[in-house]
Amino acid sequence: MAVVRHTSKDVDLLARLIRAEAEGDGRLGMLMVGNTGINRVRADCLDFKDIRSIRDMVYQSPGGFEATQKGYFYQGARDADRELARRTIKGQRFHPATRSLWFFRPEGSCPAQWFGQWNSGRYKSHCFFSPLASECPSV
């Protein structure tokens with residue numbers, strides 16, 4: 001059962017996003033980016049109070065994803081990427097992105113905090129950051 005409402009176009013959109021953001025980190029890295037996106041849709045806190053759909057999340061501005069500004073994002077979704085997107089839409093979560101709302105690719109090591117949010121871990125090239133449960137109980 002899905003944890004957020006979605007259409008087939010939403011699955012394609014999320015598939016394109018996770019590929020464009022994390023293809024270099026492999027399937028698990030892409031799943032973690034999917035977790036972060038789905039968490040943003042589920043959240044009703046911090047920067048995500050008005051995010052109610054996958055489309056809102058992908059194109060959020062300010063605060064959205066850098067990949068949407070690059071041509072690679074606009075290529076068609078692939079079946080393998082759609083399957084990863086569906087897994088995160090169904091609520092599968094992967095540490096350290098289990099509750100993450102942010103990630104970025106640092107030049108060096110991950111900082112302990114990023115914009116006041118705690119580092120929940122690193123996977124390959126990306127650092128993930130999660131809010132406190134008291135700040136975002138719905139994530």
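The structure this text deals with has already been given above.
The paragraphs below set out a description of the structure included in this document. (Residues numbered from 1 in each chain as written. Predicted model: local features only at pLDDT ≥ 70, side-chain atom pairs only at ≥ 80, totals over all residues. Heavy atoms only, no water.)

1. Topic: the packing of helix H1 (residues 8-22) against helix H4 (residues 79-89)
Item 1. One way to put it is that H1 packs onto H4 with a least axis distance of 8 Å and a crossing angle of 105°. Taken together, the axes of H1 and H4 are roughly perpendicular relative to one another. In contact with Val11, Asp12, Leu14, Ala15, Ile18 and Arg19 of H1, H4 contributes Asp81, Arg82, Leu84, Ala85, Arg86, Thr88 and Ile89. (Axes fitted to C-alpha atoms, helices over the stretch in contact; angles between N-to-C directions. Helix = DSSP H or I, 4+ residues; strand = E, 2+ residues; numbered from the N terminus. Parallel < 35°, antiparallel > 145°, perpendicular 65-115°, else oblique. Contact = heavy atoms within 4.5 Å.)

2. Observations concerning the layout of surface pockets
Item 1. Each pocket or cavity is described by its volume, and for the largest pocket that value is around 520 Å³.
Item 2. Lining the largest pocket are 20 residues, with Glu21, Gly64, Glu66, Phe103 and Phe104 sitting closest to its centre.
Item 3. Taken together, the elements giving at least two residues each to the lining of the largest pocket come down to H1 and strand E1 (102-104).
Item 4. Per element, the largest residue contribution to the lining of the largest pocket is three residues, and it comes from E1.
Item 5. Split into classes, the residues belonging to the lining of the largest pocket amount to ten nonpolar, four polar and six charged. (1 Å grid on protein atoms, 1.4 Å probe; cavity = no way out; pocket = protein on both sides within 12 Å on 5 of 7 lines; lining within 4 Å. Points joined across faces, edges and corners; volume = space filled by probe spheres on them. Nonpolar A, V, L, I, M, F, W, Y, C, P; charged D, E, K, R; others polar.)

3. As for the pairing of strand E3 (residues 117-123)
Item 1. The sheet contact formed by strand E2 (residues 113-114) and E3 spans two bridges and is antiparallel. Pairing of glutamine 113 across the sheet is with tryptophan 118, part of E3.
Item 2. Hairpin connection, E2 to E3: the antiparallel pair is bridged by two residues, and phenylalanine 115 has positive phi, about 50°. (Pairing = 2+ DSSP bridges.)

4. Notes on the nonpolar core
Item 1. Grouped together as the largest cluster of nonpolar side chains are 38 residues, with contacts concentrated most on Leu14, Leu17, Ile54, Met57 and Leu101.
Item 2. Broken down by element, the residue count for this core peaks at seven residues, all from H1.
Item 3. Beyond its immediate chain neighbours, meaning those up to four positions away, leucine 101 contacts Thr36, Asn39, Arg40, Ala43, Cys45, Leu46, Phe48, Phe129, Pro131, Cys136 and Val139. (Core = buried A, V, L, I, M, F, W, Y, C linked by side-chain atoms within 4.5 Å. Buried < 20%, exposed > 50% of the residue type's maximum accessible area, 1.4 Å probe, protein only.)

5. Things to note about the side chain of glutamate 21
Item 1. Topologically, glutamate 21 is positioned in helix H1.
Item 2. Of the buried charged residues, glutamate 21 lacks a salt bridge, with arginine 105 as the closest side chain of opposite charge at 7.9 Å.
Item 3. Of note is the side chain of glutamate 21, whose polar atom sits 3.5 Å from the backbone nitrogen of glutamate 66.
Item 4. Apart from the residues lying within four places of it in its own chain, the contact partners of glutamate 21 are Val33, Phe65, Glu66, Ala67, Phe103 and His126. (Lys, Arg positive; Asp, Glu negative; His and termini not counted. Salt bridge = Lys/Arg side-chain N within 4 Å of Asp/Glu carboxyl O. Polar contact = N/O pair within 3.5 Å; in protein donor to acceptor, adjacent residues only side chain to side chain.)

6. A look at the packing of H1 against helix H2 (residues 26-42)
Item 1. Between H1 and H2, the least distance of the axes is 9 Å, while the angle of their chain directions is 125°. Considered as vectors, H1 and H2 are oriented oblique to each other. Both H1 and H2 take part in a crossing whose hand is right-handed. Facing Leu14, Ile18, Arg19, Glu21 and Ala22 of H1, the residues of H2 in contact are Gly26, Gly29, Met30, Val33, Gly34 and Ile38.
Item 2. Classifying every residue of the contact of H1 with H2 by side-chain character gives six nonpolar, three polar and two charged. (Left-handed = near helix turned anticlockwise from the far one by under 90°.)

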